Amino acid sequence: MSLFEQINEDLKVAMKAKDKVSLQVLRTIKKNFLEAKTAPGAHNELSDADALRIILKLIKQGKDSASIYAQQNRQDLADEELAQVEVLEKYQPKQLSDEELTAKINEIIARVGASSMKDMGKVMGLATTELAGKAD
């Protein structure tokens, strides 16, 4: 089942359960998915990779908003944002531990043959694509 279909199914479940937070978040995700599908050049398709990018973007926005609300002593709004982020995080892949991340990065460095800081771009480019959604 694609991520788009999973969101639609979970939306139905949230409606039946009358889960307001999940319902709001899932509607936002679906809106973003539909916008991406109908964007020029998208040909009414949305890959799971693109869907995951949208979800990761929403997670980052939610965390940033929560941080700003906390700085402005609006903990009620920060808690609301963090509750929404919690729902979003259910759809991202399992995050790598520090040890797993270090091993993957070392593997990429060896594969690229990086030997100095000049090779950082090659390593980062490959790491960004291979580790998308699995690590910050």
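Predicted, not measured: the structure shown is a model, and the values here were computed from it.

Calculation notes
Residues numbered from 1 in each chain as written. Predicted model: local features only at pLDDT ≥ 70, side-chain atom pairs only at ≥ 80, totals over all residues. Heavy atoms only, no water. Helix = DSSP H or I, 4+ residues; strand = E, 2+ residues; numbered from the N terminus. Buried < 20%, exposed > 50% of the residue type's maximum accessible area, 1.4 Å probe, protein only. Axes fitted to C-alpha atoms, helices over the stretch in contact; angles between N-to-C directions. Parallel < 35°, antiparallel > 145°, perpendicular 65-115°, else oblique. Left-handed = near helix turned anticlockwise from the far one by under 90°. Contact = heavy atoms within 4.5 Å. Nonpolar A, V, L, I, M, F, W, Y, C, P; charged D, E, K, R; others polar. Salt bridge = Lys/Arg side-chain N within 4 Å of Asp/Glu carboxyl O. Phe/Tyr/Trp six-rings, centres within 6.5 Å; stacked < 30°, edge-to-face > 60°.

Draft legend 1. A look at unusual backbone geometry. The phi torsion at Lys 18 lies on the positive side, around 55 degrees, for a residue other than glycine. Looking at where Lys 18 falls in the secondary structure, it is placed in the loop between α1 (3-17) and α2 (20-37). Taking the relative accessible area as the measure of exposure, Lys 18 reaches 69% and is therefore exposed. Notably, Asn 44 is not glycine yet its phi reads approximately 60 degrees, a positive angle. Mapped onto the elements, Asn 44 comes out in the loop between α2 and α3 (48-71). We classify Asn 44 as exposed; its relative accessible area is 52%.

Draft legend 2. Inspection of the packing of α3 against helix α4 (residues 75-89) at higher detail. Running from N to C, α3 and α4 cross one another at 160 degrees; their axes reach a closest spacing of 8 Å. What the angle tells us is that α3 and α4 run roughly antiparallel. Crossing of α3 over α4 shows left-handed handedness. In this structure, α3 uses Ile 55, Leu 58, Ile 59, Gly 62, Lys 63, Ser 65, Ala 66, Tyr 69 and Ala 70 to contact α4, whose residues at the interface are Gln 75, Leu 77, Ala 78, Glu 81, Leu 82, Val 85, Leu 88 and Glu 89. Looking at the contact of α3 with α4 residue by residue, the class counts come to eleven nonpolar, three polar and three charged.

Draft legend 3. Main features of the pattern of salt bridges. Applying the stated criterion across every chain, the model contains seven salt bridges. Ionic pairing is found between Glu 9 and Lys 12, a salt bridge with its closest N-O pair at 3.5 Å. Of this pair, Glu 9 and Lys 12 both sit in helix α1, three residues apart, roughly one helical turn.

Draft legend 4. Layout of the packing of aromatic side chains. Overall, the coordinates contain one aromatic pair when judged by the stated rule. On the numbers, 6.0 Å between centres and 35 degrees between planes, the contact of Phe 4 with Phe 33 is tilted. In this pair, Phe 4 is assigned in helix α1 and Phe 33 in helix α2, connecting sequence segments 29 residues apart. Residue Phe 4 shares its accessibility class with Phe 33, and that shared class is buried.

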